[in-house]
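Reading the structure
The chain contents come next:
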Amino acid sequence: MAQLKQERAEQTRRTLLLAAAEVFDESGYAGASITRILKRAGVTAGALYFHFGSKEGLAKAVMVEQGQHLELPGGPDGLQRLVYITLYLARQLQVDPVLRGGVRLAVEQGEFGLQDDEAYQGWVQVFDEQLLAARSRGELAHDALVDEVSWLLVGSFTGMQLFSQITTHRADLPARIRMLWRYLLPSVASPQARRAIVIDDAPSAEQSA
């Protein structure tokens, strides 16, 4: 019985997160009313306050969870996998409401009194791991600093997705990220790695079989 209650509570929490992410993505924090979120989720106000405490707590949870459910492309760590990860994120931003909602809230968080860089730092860490592997494989230019490249990439990706959202509702975001890499790789990759890197989506399991 206790396990069943726990499973129901977790399902309610996931339902609330998804509904909130959708509404935050559509309307931003200021335009997303608790009433609208509850109606989308089909749960009571008591459930929301039990799991998240407040609208602000719910928004922070969406920000934190934006990337935790993603299945990043596999393959050897390094620059190629990093390219694949960024293109995967571009595709997911077109279809994943939790990622979209979390990204929008991270950008707009000043509107609800937060200054929390946890979501950004999480992506810096993901990119750091790939860049450190690239360094050990001899794929980085000698003067490319891992921490600086990570920050540059996170900042550039954030700006690209915002611009793409405003102009095309992210329809052109994968193409814009490929453009980013065309100009970034000559600065950060070794000549040999630059010639080998494919600036395209990761191949599917069927294509790589």
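Our structure's up above, just so we're on the same page.
Procedures and definitions
Residues numbered from 1 in each chain as written. Predicted model: local features only at pLDDT ≥ 70, side-chain atom pairs only at ≥ 80, totals over all residues. Heavy atoms only, no water. Helix = DSSP H or I, 4+ residues; strand = E, 2+ residues; numbered from the N terminus. Contact = heavy atoms within 4.5 Å. Areas by Shrake-Rupley, 256 points an atom, 1.4 Å probe, with all protein chains shown as cover. Lys, Arg positive; Asp, Glu negative; His and termini not counted. Charge placed at Lys NZ, Arg CZ, Asp CG, Glu CD. Buried < 20%, exposed > 50% of the residue type's maximum accessible area, 1.4 Å probe, protein only. Core = buried A, V, L, I, M, F, W, Y, C linked by side-chain atoms within 4.5 Å.

Let's shift gears to the overall build of the protein. Scanning the protein from N- to C-terminus turns up eleven helices and zero strands. Start at the N end of the protein and walk to the C end: the helices and strands fall as α-α-α-α-α-α-α-α-α-α-α. Here the C-alpha coordinates of the protein stretch approximately 60 × 40 × 30 Å along the principal axes. If you take every contact in the protein between residues at least 6 apart in sequence, the share linking residues at least 24 apart comes to 68%. When the accessible surface of the protein is totalled, it reaches about 11200 Å², and 54% of it is carbon and sulfur. A gap of 5 Å separates the mean positions of the 21 positive and 25 negative side-chain charges of the protein.

We now examine unusual backbone geometry. Only a minority of non-glycine residues have a phi that is not negative, and only a minority of peptide bonds are not trans. Phi is positive for His 169, close to 55 degrees, though the residue is something other than glycine. By secondary structure assignment, the location of His 169 is in the loop between α8 (146–168) and α9 (173–188). Phi at Arg 170 is positive, roughly 70 degrees, even though this residue is not glycine. Inspection of the secondary structure puts Arg 170 in the loop between α8 and α9.

Here the focus is the environment of Arg 178. Looking at the element boundaries, Arg 178 is found in helix α9. Sequence separation of Arg 178 and Asp 201 is 23 residues, and the distance between their C-alpha atoms is 9.2 Å. Discounting chain neighbours no more than four positions away, the residues touching Arg 178 are Leu 87, Arg 91, Ile 199, Asp 200 and Asp 201.

Position of Arg 81 among the secondary structure elements: in helix α5 (residues 79–95). Residue classification places Arg 81 among the buried positions, given a relative accessible area of 17%. In contact with Arg 81, not counting residues within four places along its chain, are Leu 72, Pro 73, Gly 74, Gly 75, Pro 76 and Gln 130.

Next up on the list: the nonpolar core. Counting residues in hydrophobic clusters, the biggest one holds 37 residues, and the most contacted among them are Leu 79, Leu 89, Phe 127, Ile 177 and Trp 181. Secondary structure elements with two or more residues in this core: α5, α6 (97–108), α7 (118–136), α8 and α9. Looking at this core, the element that brings in the most residues is α5, giving nine residues. The residues contacting Phe 127, other than those within four sequence positions of it, are Leu 82, Ile 85, Thr 86, Leu 89, Ser 150, Leu 153 and Val 154. The next biggest cluster of nonpolar side chains, apart from the first, holds 25 residues, and it includes Leu 16, Val 98, Leu 105 and Leu 114.

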